[in-house]
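Residue strings, one per chain:
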Amino acid sequence: MFYELKEDIRNKLTLADITEVLKSLGSGPPKERNDCLIYQTVCHHYKEDDMSYKLYYYIDDELFKCYTGQQKSYDIYGLVQDTLQYRGINVSLEQSIEYVVNNSNIELGFGIDTSAKSVDDFN
Ligand SMILES: [Zn+2]
């Protein structure tokens, strides 16, 4: 059930939803390419000034790749977990799913609170 939910939510996410989640984590608007969107490296930096556009979201694969440091690949949930962990906030996979739901516009309709939350709520 839990993993079906995880996949179900990921399948419902539009590119606009992905962008909402990335903005909530501190990225500016993405640079758009044919096969990918390029965001700022929220997973490796705190301040806007330090963030370069090196976090690629490959649309067909639904995977992020960060070209800073270890060049890790993540799905949206892994990215949320790593980004919050970088800021000293450990979240479970379940919490990262909740974060994605709360910071996008997807409608679930089974009781998960979809009111807007930002990363500040974890502090
Ligand atoms: Zn990164």
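Before reading further, recall that the structure is shown in the block above.
Attention here is on the structure that accompanies the text. (Residues numbered from 1 in each chain as written. Predicted model: local features only at pLDDT ≥ 70, side-chain atom pairs only at ≥ 80, totals over all residues.)

## Remarks on the overall build of the protein
Here comes step 1: Helix and strand content of the protein: four helices and five strands.
Here comes step 2: Along the protein, helices and strands appear, N-terminal first, in the series α-α-β-β-β-β-β-α-α.
Here comes step 3: Counting over 123 residues, the protein shows a buried share of 28%. (Helix = DSSP H or I, 4+ residues; strand = E, 2+ residues; numbered from the N terminus. Buried ≥ 20, exposed ≤ 12 C-beta atoms within 10 Å, placed from the backbone.)

## A look at the nonpolar core
Here comes step 1: Judged by nonpolar contacts, the single largest core of 23 residues is most densely connected at Leu 55 and Val 100.
Here comes step 2: Within the residue set of this core, elements represented by two or more residues are α2 (15-24), β2 (36-39), β3 (55-58), β4 (63-66), α3 (76-86) and α4 (93-102).
Here comes step 3: Dropping the residues within four chain positions of it, Val 100 is found in contact with Ile 9, Val 21, Ile 76, Tyr 77 and Val 80. (Core = buried A, V, L, I, M, F, W, Y, C linked by C-beta atoms within 7 Å. Contact = placed C-beta atoms within 7 Å.)

## A closer look at the environment of Thr 41
Here comes step 1: Its location among the elements puts Thr 41 in the loop between β2 and β3.
Here comes step 2: For the pair Thr 41 and Met 51, spaced ten residues apart in sequence, the C-alpha separation works out to 5.3 Å.
Here comes step 3: Here Thr 41 is in contact with Met 51, Ser 52, Lys 54, Leu 55, Cys 66 and Thr 68, once residues within four sequence places are set aside.

## So, the packing of α3 against α4
Here comes step 1: One can describe the packing of α3 onto α4 by two numbers: an axis separation of 9 Å at closest approach and a directional angle of 105°. Taken together, α3 and α4 sit at an angle that is classed as roughly perpendicular. Only Leu 93, Ser 96, Ile 97, Tyr 99 and Val 100 of α4 make contact with α3, whose side of the interface consists of Ile 76, Tyr 77, Val 80 and Gln 81.
Here comes step 2: Class assignment of the residues belonging to the contact of α3 with α4 gives a composition of seven nonpolar, two polar and no charged. (Axes fitted to C-alpha atoms, helices over the stretch in contact; angles between N-to-C directions. Parallel < 35°, antiparallel > 145°, perpendicular 65-115°, else oblique. Nonpolar A, V, L, I, M, F, W, Y, C, P; charged D, E, K, R; others polar.)

## A word on the pairing of β4
Remark: a regular strand shows side chains that alternate across the two faces of the sheet.
Here comes step 1: Because side chains alternate across β4, one face comprises the buried residues Phe 64 and Cys 66, and the other comprises Leu 63 and Lys 65, none of which is buried.
Here comes step 2: Relative to β4, β3 runs antiparallel, the two sharing four bridges. Bridge pairing links Tyr 57 to Phe 64 in β4.
Here comes step 3: Remark: four residues form the turn of the hairpin made by β3 and β4, two consecutive strands paired antiparallel; Glu 62 in that turn has positive phi of roughly 55°.
Here comes step 4: As paired strands, β4 and strand β5 (residues 73-74) are joined by two bridges and run antiparallel to one another. Bridge pairing in β5 links Lys 65 to Ser 73.
Here comes step 5: Connecting the antiparallel pair β4 and β5 is a turn made up of six residues, with Gly 69 showing a positive phi of about 65°. (Pairing = 2+ DSSP bridges.)

## What to know about the sheet that holds strand β1 (residues 31-32)
Backbone-to-backbone hydrogen bonds pair the strands of a sheet. The strands run either parallel or antiparallel.
Here comes step 1: An order of β1-β2-β3-β4-β5 is seen for the five strands of this open sheet, with the pairing classed as antiparallel. With one partner strand each, in any of the chains shown, β1 and β5 form the two edges of the open sheet.

## As for α4
Here comes step 1: Among the residues of α4, those classed as buried are Ser 96, Ile 97, Tyr 99, Val 100 and Val 101.
Here comes step 2: Taken together, the buried residues of α4 touch α1 (2-12), α2 and α3.

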